[in-house]
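Commentary on secondary and tertiary structure
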Amino acid sequence: MARLKTKQLSYIAVPSQIIHSLSSSTVQNLLLSPKKASRSGNRLFSLTVSPRFFLSFLFLFALVGTLRIGFRLNLLLPLPPMPCSTFGEVAAATAARMADSALPIAAAGGGEWREEFWKQPEGMGYRPCLQFGDEYRRESVAVRTNRRKYLMVVVSGGVNQQRNQIVDAVVIARILGAALVVPILQVNVIWGDESEFSDIFDLEHFKSVLADDIRVVSSLPSTHIMTRPVEEKRTPLHVSPRWIRSRYLKRLKREGVLLLRGLDSRLSKDLPPDLQKLRCKVAFQALRFSAPILELGNKLAARMRSQGAYLALHLRMEKDVWVRTGCLPGLSREYDEIIQEERKRRPELLTARSNMTHHQRKLAGLCPLNAQEVTRLLKALEAPRDARIYWAGGEPFGGPAALQPLTREFPHFYSKENLSLAGELEPFANKASLLAAVDYIVGERSDVFMPSHGGNMGHLMQGHRAFAGHKKFITPNKRQMLPYFLDTSLPESEFKRIIKELHKGSLGQPEFRKLGRDVTAYPVPECMCNSTNTGSSI
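Attention in this report is confined to the structure presented alongside it. For clarity, every value in this text was computed on a predicted model and none was experimentally measured.

1. Digging into the overall build of the protein chain
For the protein chain, the helix and strand inventory stands at 22 helices and 13 strands. When burial is assessed residue by residue, the protein chain has 48% of its 538 residues classed as buried. Counting only contacts in the protein chain whose residues sit at least 6 apart along the sequence, the fraction spanning at least 24 positions is 79%. Carbon and sulfur atoms make up 55% of the accessible area of the protein chain, which totals about 27500 Å².

Here is the structure:
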């Protein structure tokens, strides 16, 4: 065979999924064979070509056909979109998208998979353990067969607040030995979301998973429809199972129907072990999102994962968050004054500790981190600049400018708006709860998760990731780290060393639940066990 005098390679853009499936020799043949054929004569095409070229030509023809079909049908992994710059826009620059798809997997995913930032915490062998006691199982027979007592609940707030209340509603139904009517979701006054339970959650799955614990019914039976329910509008905070029984059981037996509202934090966080296990079972197994939400959430997560590991951030920078927390966004004097005026106009929105100044609140760790602070924290924890970041949350006060410190340092910055294909978000328009559920799925699937502020989503995500094997969850140590953020004389190397030291124990390692804490955020030891902690895994 004649030796090539020079090797001048021509490159074609092919998605990485195809490239990785081909051997190096096949790709080399594909690129070089046409060159060889062109030297065989002056004719445009010759039928007397070598078998090698003929096979390569057939392969190229099949590859093009496969690509055409694949690009039409494969909606799961489109070419990666450009990082977001404005809200609600889809990156449409074809050349840039093709260039992005050619990035090596390791580079687009933030360097080598085993970089320190992506390293997962030591799980100490903890695994889910939801084996209920003998007494609980004996009582289950009577609870499942009861046809006289029914509990109705109305839950409020955003989707994660609703989930917490649904968890407690199931536990209260179990305490009372009542059947649970599918919870009614109160229309959200802020977003106007009128979604029902079955729009957000998989109702049949919910019923099936809890079949051994309580009976869930879609509506009251005909024997109880005309019954005037015993209504309790305001249950005290952190009540015990004994309080629940003494307060409601006699009236429930007499009337047959009990209606509860406003269940947020009404049930004690410290319950008997079996009821704590039931909380975990509801939160982590029964409350599965509905099929349309799961489908889109899984697609977006797959697109983020298509080029390696990714980080999910839950940013709480919306206007109402700054107003309610008594904090300031720090964008400019103008934006700070807007928040202060809104707070004066609606003082009822401010949550607790109204005697503290915004600076005191910040130093006490009560304020959300802004984009500049999130950026400094991530850099101190050695997040690679090319890390792929999924941003969950509402539009920040101040618009895209509020995110510039983050997008400048971490350009691979995505959201559901610029990660989805045209039309994929249309079924979720004006449904904030459904969109928040999509964010939750992408966040739960991430390699690393970090919230900028506490809250229902952060607590649920912390527990969910722990229950799934203690996946990395960064809890910003705001109270201890913020004084160092304000110390301008501190060298950057010393700042990073201090910040890393402060977060050594805040990366999602197993942590025993303390009294007063929610088991759905800290599932060890009631819902998880290892070889030194008795219990049976599920």
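2. Describing the packing of helix α19 (residues 432-445) against helix α20 (residues 456-467)
Here α19 crosses α20 at 40 degrees, and the two axes come no closer than 10 Å. When the axis of α19 is compared with that of α20, the two are oblique. Judged by the sense of rotation from one axis to the other, the crossing of α19 with α20 is right-handed. Packed against α19, whose contacting residues are D439, Y440, G443 and E444, the element α20 presents M457, L460, M461, H464 and R465 at the interface.

3. Some words on the pattern of salt bridges
In this structure the tally under the stated criterion is 31 salt bridges. For R517, the salt bridge is made with E511, and the minimal N-O distance between the two is 2.9 Å. A residue is classified by how much of its surface remains accessible, and R517, at 25% relative accessible area, is partly exposed. On the basis of relative accessibility, which here comes to 35%, the residue E511 falls in the partly exposed class. Ionic contacts of the salt-bridge type, sharing partners, join the residues E295, K299, R303 and E424 into one network.

4. Quick look at the nonpolar core
The nonpolar side chains of a soluble globular protein tend to be buried, and buried together. Of all hydrophobic cores here, the largest spans 79 residues; its most connected members are L151, L176, F206, F289 and I293. Contacts of L151, omitting those with residues within four sequence positions, involve A169, I172, A173, A178, A179, L180, V181, L258 and L260. One finds L328, V374, L378 and A402 within the second-largest nonpolar core, a separate group that totals 40 residues.

5. Digging into the pairing of strand β2 (residues 150-155)
For β2, the buried fraction is high: six of the six residues fall into the buried class. With two bridges joining them, β2 and strand β3 (residues 179-181) adopt parallel strand pairing. Residue pairing for β3: L151 is matched across the bridge by L180. You can see the chain leave β2, run along helix α7 (residues 159-176) and come back into β3, and the turn it takes is right-handed. Bridge count between β2 and strand β7 (residues 257-261): five bridges; the pairing is parallel. Bridging across to β7, V153 finds its partner in L260. Pairing of β2 with strand β4 (residues 184-185) involves two bridges; the strand directions are parallel. Considered in β4, the bridge of V155 is made with L185.

6. Concerning the sheet that holds strand β10 (residues 413-414)
Spatial strand order, β10-β9-β8-β11-β12: five strands in an open sheet with parallel pairing. Each edge of the open sheet is held by one strand with a lone partner, namely β10 and β12 (472-473). Relative to strand β9 (residues 388-392), strand β8 (residues 310-314) runs parallel, the two sharing five bridges. Note that in β9 the partner of L313 across the bridge is W391. Against the sheet, α19 engages β8, β9 and β11 (448-451), with an angle of about 145 degrees to β9.

7. Here we look at the packing of helix α16 (residues 371-380) against helix α21 (residues 478-486)
Across the interface, α16 lies against α21 with an axial gap of 12 Å and an inter-helix angle of 100 degrees. With respect to each other, α16 and α21 are oriented roughly perpendicular. Of α21, the residues touching α16 (which contributes E373, R376 and L377) are M481, L482 and F485. When the residues that make up the contact of α16 with α21 are grouped by side-chain class, the tally is four nonpolar, no polar and two charged.

Cut-offs and rules
Residues numbered from 1 in each chain as written. Predicted model: local features only at pLDDT ≥ 70, side-chain atom pairs only at ≥ 80, totals over all residues. Heavy atoms only, no water. Helix = DSSP H or I, 4+ residues; strand = E, 2+ residues; numbered from the N terminus. Buried < 20%, exposed > 50% of the residue type's maximum accessible area, 1.4 Å probe, protein only. Contact = heavy atoms within 4.5 Å. Areas by Shrake-Rupley, 256 points an atom, 1.4 Å probe, with all protein chains shown as cover. Axes fitted to C-alpha atoms, helices over the stretch in contact; angles between N-to-C directions. Parallel < 35°, antiparallel > 145°, perpendicular 65-115°, else oblique. Left-handed = near helix turned anticlockwise from the far one by under 90°. Salt bridge = Lys/Arg side-chain N within 4 Å of Asp/Glu carboxyl O. Core = buried A, V, L, I, M, F, W, Y, C linked by side-chain atoms within 4.5 Å. Pairing = 2+ DSSP bridges. Right-handed = clockwise from strand over helix to strand, strands pointing away. Nonpolar A, V, L, I, M, F, W, Y, C, P; charged D, E, K, R; others polar.

Keep in mind these values describe shape, not function.
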